[in-house]
Amino acid sequence: MIGSAFNLGRVFGIQFRLHYTWFIIFTLVTISLVYPDWSSPVYWVIAIITSLLFFASILAHELAHSLVGRAYGIPIKSITLFIFGGVAQMTREAKSAGAELRMAAAGPACSLAIGSLFGLLWYFGQSLSEPIVTMVYWLAFINVALAAFNLIPGFPLDGGRVFRSLLWRFTGNYQRSTRIATQVGRGVGYSFIFGGILMIFIHPPDWSWFSGLWLAFIGWFLQNAASASYRQLQWRGSLQGLVASQVMTSDFPIVSSDVTLAQLIERYIFTTGRRYFVVVDEGRLKGIVTLYNIKSVPQPNWGMTQVKDIMTPVEKLEVAYPDQDVLGILERMTEGNIDHIFVASEGRVMGLITRDNLLSFLRIRSELKM
Ligand SMILES: [Zn+2]
């Protein structure tokens, strides 16, 4: 769902990333704040400070989710800020309805608290200079609006998560609760699109058509996100109850460790089209070599570099047991950014699980409607 973004750094061990669409919102906010007086440098300074404080408010909102999540054992890998706010990348879902409820509510609660704080500042700071009063008022308003928008009960918005956790608590059925919450999410998305289009064509004279476009755009995004969450649920459903030996492949290409990269590319990769090779010497597993490893070596050195020089050695490989459950393995792969896991029993390699082969497994199951 989210493409190019660059790293901002770590806060409390969580990686923060900035998506390029975020600059659009930053520019829009700044420009709309400068609007009353373009020629005044004071307005520009205040507008930029306000935009930065708005940015910090969103960071605080996301951080609130993450810290509460972490307290309940849900590790957060990264948070990406983009045009509509922030998206936390969680490697697993909450284990109980209560944990999900608290984690989801923490963000809007934080925004509401920040909004109230700026509200108080505005109330008691009327004597301050006009641009500052305007800034404080805007920040109070935007934080309350942020809390309100996120509380809309369409999954995957915070309100949708709160809604799911309540359904989950009362029905005890996680799958069904998620299904209902994502359907409501899609409904909310579609009504935003519909409302937005209506606003573009029949808007009151003092409104701009742009608000309608914006609303439709948000609706489109929500609808997409809800559908993606639903697909994810279906995937989890198809992997539920399966163990490693049922999804592993035992058909993996083998190469010996003394082959040079030039030979590997010409004789193995070009002829098979495979992107990874299991390195085996005299029946013993030595490691794995991938296209990624090869790309790290400059092309002129391919003739003299051997597979053993660049492979990921056996000591560093991840291993699972044949009867280990697949969902747990998938979580481990996502958390550690691992592409290959060997399935081994009593020191003998029985098969390999790769992300690609898990995905094609899921695709085939869904085509066969299993
Ligand atoms: Zn949130």
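Above this text you will find the structure in question.
Below is a short write-up of the structure.

Rules used in this analysis
- Residues numbered from 1 in each chain as written.
- Predicted model: local features only at pLDDT ≥ 70, side-chain atom pairs only at ≥ 80, totals over all residues.
- Heavy atoms only, no water.
- Core = buried A, V, L, I, M, F, W, Y, C linked by side-chain atoms within 4.5 Å.
- Buried < 20%, exposed > 50% of the residue type's maximum accessible area, 1.4 Å probe, protein only.
- Helix = DSSP H or I, 4+ residues; strand = E, 2+ residues; numbered from the N terminus.
- Contact = heavy atoms within 4.5 Å.
- Salt bridge = Lys/Arg side-chain N within 4 Å of Asp/Glu carboxyl O.
- Donors = N, O, S within 2.8 Å, 3.2 Å for Na, K, Ca; no water.
- Tetrahedral: all angles 85-135°; square planar, octahedral: opposite > 155°, others 65-115°.
- Patch = residues over 30% accessible without salt bridge, like charges linked within 9 Å, V, L, I, M, F, W, Y side chains within 5 Å.
- Areas by Shrake-Rupley, 256 points an atom, 1.4 Å probe, with all protein chains shown as cover.
- Phe/Tyr/Trp six-rings, centres within 6.5 Å; stacked < 30°, edge-to-face > 60°.
- Pairing = 2+ DSSP bridges.
- Expected span 1.5 Å × (residues − 1).
- Bend = angle between axes of the 7 residues up to and from the residue.
- Arc of directions from axis to C-beta.
- Axes fitted to C-alpha atoms, helices over the stretch in contact; angles between N-to-C directions.

A separate point is the nonpolar core. Membership of the largest hydrophobic core comes to 35 residues, with the highest contact counts inside it found for W22, F54, L81, W138 and L139. Going through the elements one at a time, β2 (14-19), α1 (22-34), α2 (41-71), β3 (76-82), α3 (97-124) and α4 (130-150) are the ones with two or more residues in this core. Of all the elements, α2 adds the most residues to this core, at eight residues. Ignoring sequence-local partners within four residues, the contact set of L139 consists of T50, L53, F54 and F118. Residues L239, A244, L327 and I338 belong to the second largest nonpolar core, which totals 16 residues.

Turning our attention to the environment of V247. Among the structural elements, V247 can be located in helix α8 (residues 244-247). Separated by 115 residues in the primary sequence, V247 and L362 have C-alpha atoms spaced 9.8 Å apart.

Right, let's talk about the pattern of salt bridges for a bit. For the structure shown, the criterion picks out four salt bridges. E100 is paired through a salt bridge with R164; the nearest N and O atoms lie 2.7 Å apart. With a gap of 64 residues between them, E100 in helix α3 and R164 in helix α5 (residues 158-171) connect regions that are remote in the sequence. Each member of the pair E100 and R164 is classed as buried. Among the charged side chains, a salt-bridge network with shared partners connects E100, R161 and R164.

A few words on the coordination of the zinc ion. The protein atoms donating to the zinc ion are H61 (NE2), H65 (NE2), D158 (OD) and D158 (OD), with metal-donor distances spanning 1.9 to 2.7 Å. Considering all four donor atoms around the zinc ion, the spread of angles at the metal, 53 to 152°, places the coordination shape in the irregular class. Motif for the zinc ion, donor spacing along one chain: H-x3-H-x92-D. Of this pair, H61 and H65 both sit in helix α2, four residues apart, roughly one helical turn. For the pair formed by H61 and H65, the shared burial category is buried.

This paragraph deals with a nonpolar patch on the surface. The grouping of L120, W122, Y123, F124, Y137 and F141 at the surface amounts to a nonpolar patch, some 730 Å² of accessible area in total. Counting only elements with at least two residues in the nonpolar patch, the list comes to α3 and α4. Ranked by the residues each element gives to the nonpolar patch, the list is headed by α3, at four residues. Here F141 lies in helix α4.

Taken as a whole and assessed by the stated rule, the structure comprises ten aromatic pairs. The interplanar angle of 75° and the centroid separation of 5.7 Å between the aromatic rings of W22 and F23 together place this pair among those described as edge-to-face. A residue is classified by how much of its surface remains accessible, and F23, at 37% relative accessible area, is partly exposed. An aromatic cluster is defined as three or more aromatic residues linked by ring pairs; in this entry it consists of W22, F23, F26 and F55.

This part covers the sheet that holds strand β5 (residues 254-255). Strand order in the open sheet formed by four strands is β5-β6-β7-β8, with mixed pairing between adjacent strands. Two strands close off the open sheet at either side, each with one partner strand: β5 and β8 (312-313). Alignment of β5 against strand β6 (residues 276-281), held across two bridges, turns out to be parallel. What sits directly across from I254, in β6, is V278.

In an α-helix there are 3.6 residues to a turn, and that puts residues three or four apart on one side. The end-to-end C-alpha distance of α3 is 40 Å, a good match for the 40 Å that 28 residues give at a rise of 1.5 Å each. Largest kink in α3: about 30°, centred on A106, with the proline P108 one to four residues after it.

What follows is about the pairing of strand β1 (residues 5-11). Of the strand pairs in this sheet, β1 and β2 are connected by six bridges, and their pairing is antiparallel. Paired with V11 across the two strands is I14, which belongs to β2. Hairpin connection from β1 to β2: two residues lie between these consecutive antiparallel strands, with F12 at a positive phi of about 50°.

If you check which residues of helix α9 (residues 261-272) are buried, you get L261, L264, I265 and I269. Along the long axis of α9, the arc covered by the buried residues comes to 90°, so they all point the same way. Seen from the open side of α9, the exposed residues pointing more than 90 degrees away from its buried face are E266, R267, F270 and T271. Elements that come into contact with the buried residues of α9 comprise β5, β6, β7 (284-290), α10 (291-295) and α11 (307-310). Taken from the residues just after α9, G273 is the one with a positive phi, measuring 75°.

All right, on to the sheet that holds strand β11 (residues 348-354) then. The strands making up a sheet are joined through hydrogen bonds of the backbone, oriented either antiparallel or parallel. Strand order across the open sheet formed by three strands is β9-β10-β11, with mixed pairing between neighbours. Two strands in the sheet have a free side with no partner beyond their single neighbour: β9 (318-320) and β11. Along the sheet, successive strands turn relative to each other by an average axial angle of 35°, direction set aside.

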